[in-house]
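Coordinates in review
Residue-level listing of the chains:
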Amino acid sequence: MIIPMLDLKAQYAAIKDEVNEKVLGVLSTQNFILGAEVAALEEEISAYSGVRFAVGVSSGSDALIVSLMALGIGSGDAVATTPFTFFATAGAVARLGAKTIFCDIDPVTYNIDPSSLEEVLLKLQKSRRLGRVKAILPVHLYGQVADMDPIMKLAGKFDLRVIEDAAQAIGSEYPGRKGVRRAGAIGTLGTLSFYPSKNLGGYGDGGMVLTDSGRLADKLKLLRVHGGIGKYDYKILGGNFRLDALQAAILRVKYRHLDEWQQKRRERASYYNQKFSAAGLESARLVQTPVAVYKGSGARNFHTYHQYVIRTRDRDKLQAHLKAKGVGTSVFYPLSLHQQECFADLGYKRGDFPVSEKASKQVLALPIYPELTAEQQDYVVDSIKEYYG
Ligand SMILES: *Cc1c(COP(=O)(O)O)cnc(C)c1O
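We now turn to the structure provided with this report. (Residues numbered from 1 in each chain as written. Predicted model: local features only at pLDDT ≥ 70, side-chain atom pairs only at ≥ 80, totals over all residues. Heavy atoms only, no water.)

Moving on to the site of the ligand. Around the ligand, the surrounding shell holds 15 residues, and the nearest of these are Gly60, Ser61, Asp165, Ser193 and Lys198. Between the ligand and Lys198, the relevant distance is 3.1 Å, taken from an oxygen atom to a side-chain nitrogen or oxygen of the residue. Protein coverage of the free-state accessible area of the ligand, which is 380 Å², stands at 93%. Looking at side-chain class alone, the shell around the ligand contains five nonpolar, eight polar and two charged residues. (Near = heavy atom within 4 Å. Polar contact = N/O pair within 3.5 Å; in protein donor to acceptor, adjacent residues only side chain to side chain. Areas by Shrake-Rupley, 256 points an atom, 1.4 Å probe, with all protein chains shown as cover. Nonpolar A, V, L, I, M, F, W, Y, C, P; charged D, E, K, R; others polar.)

Printed below as a string of structure tokens:
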């Protein structure tokens, strides 16, 4: 049996008529830059995420860059984040000439560990370098929101802004001090990605920034059009960070299915959980990602399973076995960002973030998508069972 890691063709087959009609509609208007489709998608996603404003931008990476720009973060500043994430999180900080300060992660959720964050911030305070730090950039990895209550508390204590990288977590929920909030609606700003493989993915690049601040939303809208008002009147230095009308139109069709797709991802995750328990594979040898109950807050997350991740000591051998069986898998991420060559100037070394480094050697993402069938999931679990004999 061949089971791809992701099957976007199956999804397209199910919504082909709706999408094609919508795309042809945009082609007939010949309006491709911003406009009504982008504005309508911004309304829908801001309502869905529970924020007052949403600003469509060119990608999830650019959503991070414009968010940092909107907060005035640049050369001489620093941002605290996790080393266990997609490159763009720290790449955006570096692109603006700011310094990335890494903190270790929680071994259960793989999200930034608030106690490591606090330790790092206190150390900087002691050495009188805290003044450079402007923001915290937590990532909601695999579709599970980071432990935001203690993070927001630290942000208050140290006077920092918070940008949530919610690229993998649209619609995920965190029940915290301020009630149940969706990913990207808790910090100062939240960023989304519409990269094709994300839970809400376009047919190309796209992204969005979420905020409750009207002032920041206005600034983001200025930044995405080179900082210009009207035709040739430039107020601030921006760039071309616009979301395409075609992408917005396609995303609006897909948005109508999002709740159903999220539910199906969750059902498939609990089916894997059941199957792994029944197969006796919950031992120390192989542990699937549980839904976190965060220590301090007692919060239980609404996980949207952008990825379903297991961890095991012989990850590479298991991955090769599954490949031979026709099962696609992925490793997110095989090298902690503090060990990447392009960040060598930050001065980190192996051993600085042991939890992140260990995770990068052990995690394995299995196929999970709404179109995945029970027979396919049975085959994945049986193939893993076979490996462990
Ligand atoms: C996908 C992703 C991004 C970048 O999004 P693009 O739309 O591909 O630029 C940023 N951060 C995380 C955690 C991501 O998964």
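Bringing unusual backbone geometry into the picture now. A cis geometry characterises the amide bond from Phe332 onward to Tyr333, with omega recorded as 5°. With respect to the helices, strands and loops of the structure, Tyr333 is situated in the loop between helix 10 (315–324) and helix 11 (354–362). Of note, the phi angle at Leu34 is positive, near 50°, even though the residue is not glycine. With respect to the helices and strands, the residue Leu34 is situated in the loop between helix 1 (8–29) and helix 2 (36–49). (Helix = DSSP H or I, 4+ residues; strand = E, 2+ residues; numbered from the N terminus.)

Another aspect to go through is the packing of helix 10 against helix 12 (residues 374–388). Closest axis-to-axis distance for the helix 10/helix 12 pair is 10 Å, and the angle between their directions is 125°. Regarding the angle of helix 10 to helix 12, the classification is oblique. Every pair of crossing elements has a handedness; the one defined by helix 10 and helix 12 is right-handed. On the side of helix 10, the interface is formed by Lys317, Leu318, His321 and Leu322, while helix 12 contributes Val380, Ser383, Ile384, Glu386, Tyr387 and Tyr388. Residues of the contact of helix 10 with helix 12, tallied by class, amount to six nonpolar, two polar and two charged. (Axes fitted to C-alpha atoms, helices over the stretch in contact; angles between N-to-C directions. Parallel < 35°, antiparallel > 145°, perpendicular 65-115°, else oblique. Left-handed = near helix turned anticlockwise from the far one by under 90°. Contact = heavy atoms within 4.5 Å.)

On to the side chain of Thr81. The topology assignment puts Thr81 in strand 2 (residues 78–81). Among the polar contacts listed, one links the side chain of Thr81 to the backbone oxygen of Leu137, at a separation of 2.6 Å. Dropping the residues within four chain positions of it, Thr81 is found in contact with Thr89, Thr100, Ile101, Phe102, Cys103, Ile112, Leu137 and Val139.

All right, on to the packing of aromatic side chains then. For any two aromatic rings, the description comes down to two numbers: the centre-to-centre distance and the angle of the planes. All chains considered together, the criterion is met by 17 aromatic pairs. Ring centres of Phe102 and Tyr348 lie 5.5 Å apart, and the angle between their planes is 55°; on these two criteria the pair is classed as tilted. Placement of Phe102 in strand 3 (residues 99–102) and of Tyr348 in the loop between helix 10 and helix 11 is noted, with a sequence separation of 246 residues between them. With centroids separated by 4.9 Å and ring planes inclined at 85°, the aromatic side chains of Tyr387 and Tyr388 adopt a geometry described as edge-to-face. Residue Tyr388 is classed as buried on the basis of its relative accessible area, which comes to 11%. Among the aromatic residues, those joined into a ring-pair cluster are Phe84, Phe86, Tyr110, Tyr142, Phe332 and Tyr333. Directly above the ring of Tyr48 sits Arg182, whose terminal nitrogen or CZ lies 4.4 Å from the centroid. Cation over ring: Arg266 sits above Phe302, and NZ or CZ is 3.9 Å from the ring centre. (Phe/Tyr/Trp six-rings, centres within 6.5 Å; stacked < 30°, edge-to-face > 60°. Buried < 20%, exposed > 50% of the residue type's maximum accessible area, 1.4 Å probe, protein only. Lys NZ or Arg CZ within 6 Å of the ring centre and 35° of its normal.)

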